[in-house]
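# Examining the three-dimensional arrangement
Listed below are the residues making up each chain.
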Amino acid sequence: MIKLAGIDIGNDSIKLVMDGSAEPLIVPNVVAPGYDRHILQEEDSPVKALDVMVSSPSLAQRNQRYFVGLMAVEHEDNMELEETDNKALSDQSLIVALTALAYACVTSSSYTQSGFGGADEVEYVIGTGLPVRLYAKFHEAFEQRLVGEHEVTFLSTPQLQGRRVKVAIRRAVVSIEGAAALYNLATLDSLQVRDEELYYGCIGVCEIGALTTDFPVVKRMNIDNHFSYGEQFGLSNYLDLIIRDVEDAYGYRFPSRAKLVQRVKERNFVIQMLGEGQVDIRSVVEPYFQRAATRVAELIRKRWRKYPDIQCFYVLGGGAAALKPYLQEAAGSMRLRFVNDSELQNMYGYLKVARSRTSQPALG
Ligand SMILES: Nc1ncnc2c1ncn2[C@@H]1O[C@H](COP(=O)(O)OP(=O)(O)OP(=O)(O)O)[C@@H](O)[C@H]1O
Ligand SMILES: [Mg+2]
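The structure presented is a predicted model; accordingly, all values stated were derived computationally and were not measured. (Residues numbered from 1 in each chain as written. Chains lettered and ligands numbered in written order. Predicted model: local features only at pLDDT ≥ 70, side-chain atom pairs only at ≥ 80, totals over all residues.)

## Considering helix α9 (residues 318-331)
- Helix length check: α9 (14 residues) gives 18 Å between terminal C-alpha atoms against 20 Å at 1.5 Å per residue, within 8%.
- A maximum bend of about 70° is found in α9 at Lys-324, where proline Pro-325 lies one to four positions downstream.
- What α9 keeps buried is the set Gly-318, Gly-319, Ala-320, Ala-322, Leu-323, Leu-327 and Ala-330.
- The inward-facing, buried residues of α9 contact β10 (202-208), β11 (213-215), α6 (235-250), α7 (257-266), α8 (282-306) and β17 (312-316).
- Count one or two residues on from α9 and you reach Gly-332, which has phi positive near 60°. (Helix = DSSP H or I, 4+ residues; strand = E, 2+ residues; numbered from the N terminus. Expected span 1.5 Å × (residues − 1). Bend = angle between axes of the 7 residues up to and from the residue. Buried ≥ 20, exposed ≤ 12 C-beta atoms within 10 Å, placed from the backbone. Contact = placed C-beta atoms within 7 Å.)

As structure tokens, then:
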């Protein structure tokens, strides 16, 4: 049976949801070269130790071993993406995406294991997306890289040792970041209209990602070609500066942006110093978040002035969650709209777009 899934291949994290399942899978987009590791105590969950061999005709290197996601977040040789990486062509993003798709298959409750020694096989139709600026030029290449037959083998991953999964992507429907998020907000699971203002109106979106910020303008659910645009910056640019300043000031180095973001999400800004003692790094974080928010609010104001037909502006993406209080302050009298789980809205939108294209009825 072909599975339908929405997958947001983000520069910060890959977010995956299967049709009919409530729980999304989130895997940080971080990889490190894999090797035979010494296991003192097995991790309590397989997602904490994604140790995989990935083989795909779309990757430059076949059959390489990687530590993916949480396991790579603390690793000294880990790689996170940079502004210069192109999401549509990035091998790293594809490795993490394929690992997530394989993992979701072997851990889904409806799944029965293949015979001994055989490979598990899963077929997917996926909905996914690209930033405004990459879409026109790269969506075909992106689609071609995704579609095809790939293989992921789990190595030292607890509960999954030696499981080989053939991931066949039969079709990939590529939408536009931010616009898909709005589609999710405007529609029900049945794809019927949930909110008439959003569905039929002229809506501005500012979707703040890790490395890109997209400003689609959506009118009656159609993207405005002329006014939609994207910026090559996101929260990561500021996170990198915070990491640098904290290291300069306190000699404490965050091993990855993901580790810093964990702190931001928990609102836990106290770091441990070598030789005991603790410091609060809020005084380093806040000025950068204020700066980011001022810049974003200014960009929104400019957009709105250029296109006064816009009825309301939604601020979405993980960056919206991080910057919300600062953005509200920077926006002054300009009203901005925020939603819960803003970093997951694209993913749900991609699933709906894929579902509408394949015209499968909604499950549940
Ligand atoms: N709830 C949250 N609170 C604070 N920060 C968050 C939250 N969720 C995500 N972030 C951070 O916000 C940034 C953007 O997250 P998001 O998941 O939207 O990025 P992405 O989609 O992976 O990146 P891109 O859109 O550039 O490909 C990241 O740095 C992420 O770590
Ligand atoms: Mg994103």
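## Let's talk about α7
- Looking at α7, one finds that the buried residues are Arg-257, Ala-258, Leu-260 and Val-261. Around the axis of α7, the buried residues are gathered within 155° of arc, so they sit on the same side.
- Tucked inside the fold, the buried residues of α7 contact β3 (25-28), α1 (70-73) and α6.
- After α7 finishes, the residue Arg-267 shows a positive phi value of roughly 55°. (Arc of directions from axis to C-beta.)

## Re the pairing of β3
- Side chains Leu-25 and Val-27 of β3 all project onto a buried face; the interleaved residues Ile-26 and Pro-28 project onto the opposite face, where all are buried too.
- Bridge count for strand β2 (residues 13-18) against β3 is four bridges, and the pairing is antiparallel. Along β3, the bridge assignment pairs Leu-16 with Leu-25.
- From the end of β2 to the start of β3, which pair antiparallel, there are six residues, and Gly-20 there has a positive phi angle of about 90°. (Pairing = 2+ DSSP bridges.)

## Some details on the site of ligand 1
- Taken together, 22 residues form the shell around ligand 1, and within it Gly-10, Asp-12, Gly-209, Gly-318 and Ala-322 come nearest.
- At the level of secondary structure, the elements contributing two or more residues to the shell around ligand 1 comprise α6, α7 and α9.
- The element best represented in the shell around ligand 1 is α9, accounting for four residues.
- Across the shell around ligand 1, the residue classes tally to eight nonpolar, 10 polar and four charged.
- There are two domains that each give the shell around ligand 1 at least three residues, and those are domain 1 (2-176) and domain 2 (195-343). (Near = placed C-beta within 6 Å. Nonpolar A, V, L, I, M, F, W, Y, C, P; charged D, E, K, R; others polar. Domains from an automatic or database assignment.)

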